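Fold and contact review
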Amino acid sequence: MCRFDPGMEEFRRLLDCLGLSWQGYRRVRKGIKKRIRRHMQESGYATSEQYLVALEQDKELRTECERLMTVSISRFFRDRALWHALEKKILPDIIERNREKIRVWFAGCACGEEVFSFAILWDQLQGQFNTLPVLEALATDMNTVYLEKAKEGVFSRSSLKEVPDEVRAKYFLRQEGEERYRIMPLFRMGITWKLHNLLHDPPDESFDIIFLRNNLLTYYKPEISRPALQKIIACLMPGGYLVIGSHEKVPVNMENMLPFENFSYILQKKDRTQSSTI
Ligand SMILES: C[S@@+](CC[C@H](N)C(=O)[O-])C[C@H]1O[C@@H](n2cnc3c(N)ncnc32)[C@H](O)[C@@H]1O
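Residues numbered from 1 in each chain as written. Predicted model: local features only at pLDDT ≥ 70, side-chain atom pairs only at ≥ 80, totals over all residues. Heavy atoms only, no water.

What follows deals with the packing of aromatic side chains. Applying the stated rule across the entire model yields 17 aromatic pairs. Ring centres 5.5 Å apart and planes at 35° place the aromatic pair W105 and F207 in the tilted group. Of this pair, W105 sits in strand β1 (residues 101–107) while F207 is found in strand β7 (residues 207–212), placing the two residues 102 residues apart along the sequence. Per residue, the accessibility class of W105 equals that of F207, and both read buried. Aromatic side chains Y241 and F260 sit 5.7 Å apart centroid to centroid with 85° between the ring planes, which places their arrangement in the edge-to-face category. In this pair, Y241 is assigned in strand β8 (residues 236–244) and F260 in the loop between β9 (257–259) and β10 (266–269), connecting sequence segments 19 residues apart. (Phe/Tyr/Trp six-rings, centres within 6.5 Å; stacked < 30°, edge-to-face > 60°. Helix = DSSP H or I, 4+ residues; strand = E, 2+ residues; numbered from the N terminus. Buried < 20%, exposed > 50% of the residue type's maximum accessible area, 1.4 Å probe, protein only.)

Spelled out as structure tokens, the structure:
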């Protein structure tokens, strides 16, 4: 019989083993424990002790366990104020500077809600500008299941709860007989979806905006997230923007990053003309 009903102590050991944060998992612990218990049973481990030892030795087992630890909670236009700032200030600023092409990286994109929110906003900007630069969007996640769902582009009504009716009618097709909505094919174009782990080397590209929301800085221990964040920031163009989750904080010593206006979760990489630090 499987004895992995991890008490707090065992769950904490599992998080430690994977470099994950206790605090980050406080709200989702129950569901995650259930998944891990099933994984342990299916992989033939009778006790959490054996499972934890095996995670140190079996790369495949560990990769699957890491995937099962991921949380996909998201929704369209999460954090309204962010999307307003993007529309009114950040994107006009970037468009002004880059006439030809803008590059955006959605790091840890889950099932694509954030990516398609951006695609919708970008489309809406067509009305404000005569010509827009070409948009190159890279959307990455370490969970293949989430990426496949993102590519499919079908969403529940609850994930669209912040989408106004007229926007839903214009950009989504309701699946027949279901409360599910498919993003129009046009808005799925121009997005590159890739499997990528944020703890590994970032893509060899420079971006105007990086969305890094509700993943690295929430679910990982600071000693793991800090060096990964440094590498991610290195991929931002001077003057580029990093967007983190509204409840997240960057480590204080990010000297090359400035808060954007009064947003604690939008940071701009210094260009040569900016001098203050956070
Ligand atoms: C809570 S969702 C956030 C989705 C979206 N960024 C948002 O804020 O709405 C967290 C996502 O981060 C991904 N993730 C967590 N750790 C990751 C890692 N090390 N590398 C890549 N993706 C990761 C998870 O698979 C999940 O899809």
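With that out of the way, let us pick up the side chain of D79. Tracing the backbone shows D79 in the loop between α4 (59–68) and α5 (80–97). Every residue in contact with D79, bar those within four places of it in the chain, is listed here: R213, S246 and Y265. (Contact = heavy atoms within 4.5 Å.)

Here the focus is helix α3 (residues 48–57). Of all the residues in α3, the buried ones are S48, Y51, L52, A54 and L55. All buried residues of α3 project into a common sector of 160° when viewed along the axis, lining one side. Relative to its buried face, α3 has exposed residues pointing more than 90 degrees away, namely E56 and Q57. Turning to α3, the residues buried within the fold contact α1 (8–18), α2 (29–42) and α4. (Arc of directions from axis to C-beta.)

Now for the sheet that holds strand β5 (residues 180–183). Ordered by their spatial adjacency, 3 strands build an open sheet running β3-β5-β4, and the pairing between neighbours is antiparallel. This sheet does not close on itself; its edge strands, each paired only once, are β3 (154–156) and β4 (172–174). Adjacent strand axes in the sheet meet at a mean angle of 35° when their direction is disregarded. In the sheet, β4 pairs with β5 via 3 bridges, with the strands oriented antiparallel. By the bridge assignment, L173 is partnered in β5 with R182. (Pairing = 2+ DSSP bridges. Axes fitted to C-alpha atoms, helices over the stretch in contact; angles between N-to-C directions.)

Further remarks concern the packing of α3 against α4. As a packed pair, α3 and α4 sit with axes 6 Å apart at the nearest point and diverge in direction by 110°. Classified by the interaxial angle, the pair formed by α3 and α4 is roughly perpendicular. Here Y51, A54, L55, E56 and Q57 of α3 lie close against α4, whose contacting residues are K59, L61, R62 and C65. Residues that form the contact of α3 with α4 fall into these classes: 5 nonpolar, 1 polar and 3 charged. (Parallel < 35°, antiparallel > 145°, perpendicular 65-115°, else oblique. Nonpolar A, V, L, I, M, F, W, Y, C, P; charged D, E, K, R; others polar.)

Turning to the layout of surface pockets, a few remarks are in order. Counted as a void, the largest pocket has a volume near 890 Å³. What lines the largest pocket is a set of 27 residues, and nearest its centre among them are R26, N214, T218, H247 and E248. Among the elements of the structure, α9 (216–219) and α10 (222–233) are those that each provide at least two residues to the lining of the largest pocket. Across the lining of the largest pocket, the residue classes tally to 9 nonpolar, 9 polar and 9 charged. (1 Å grid on protein atoms, 1.4 Å probe; cavity = no way out; pocket = protein on both sides within 12 Å on 5 of 7 lines; lining within 4 Å. Points joined across faces, edges and corners; volume = space filled by probe spheres on them.)

Turning our eyes to something else, we now look at the site of the ligand. Taken together, 19 residues sit near the ligand, with S74, D141, L198, N214 and Y220 positioned nearest. Between the ligand and the protein, one listed contact pairs an oxygen atom with a side-chain N or O atom of S74 at 2.6 Å. With respect to the ligand, the side chain of R78 contributes an N or O atom lying 2.9 Å from an oxygen atom. Burial of the ligand by the protein amounts to 99% of the accessible area it has alone, namely 600 Å². Structurally, the ligand is housed in the second largest pocket. Taken together, the residues of the shell around the ligand break down into 7 nonpolar, 8 polar and 4 charged. (Near = heavy atom within 4 Å. Polar contact = N/O pair within 3.5 Å; in protein donor to acceptor, adjacent residues only side chain to side chain. Areas by Shrake-Rupley, 256 points an atom, 1.4 Å probe, with all protein chains shown as cover. Sits in = over half its atoms within 2 Å of the grid points.)

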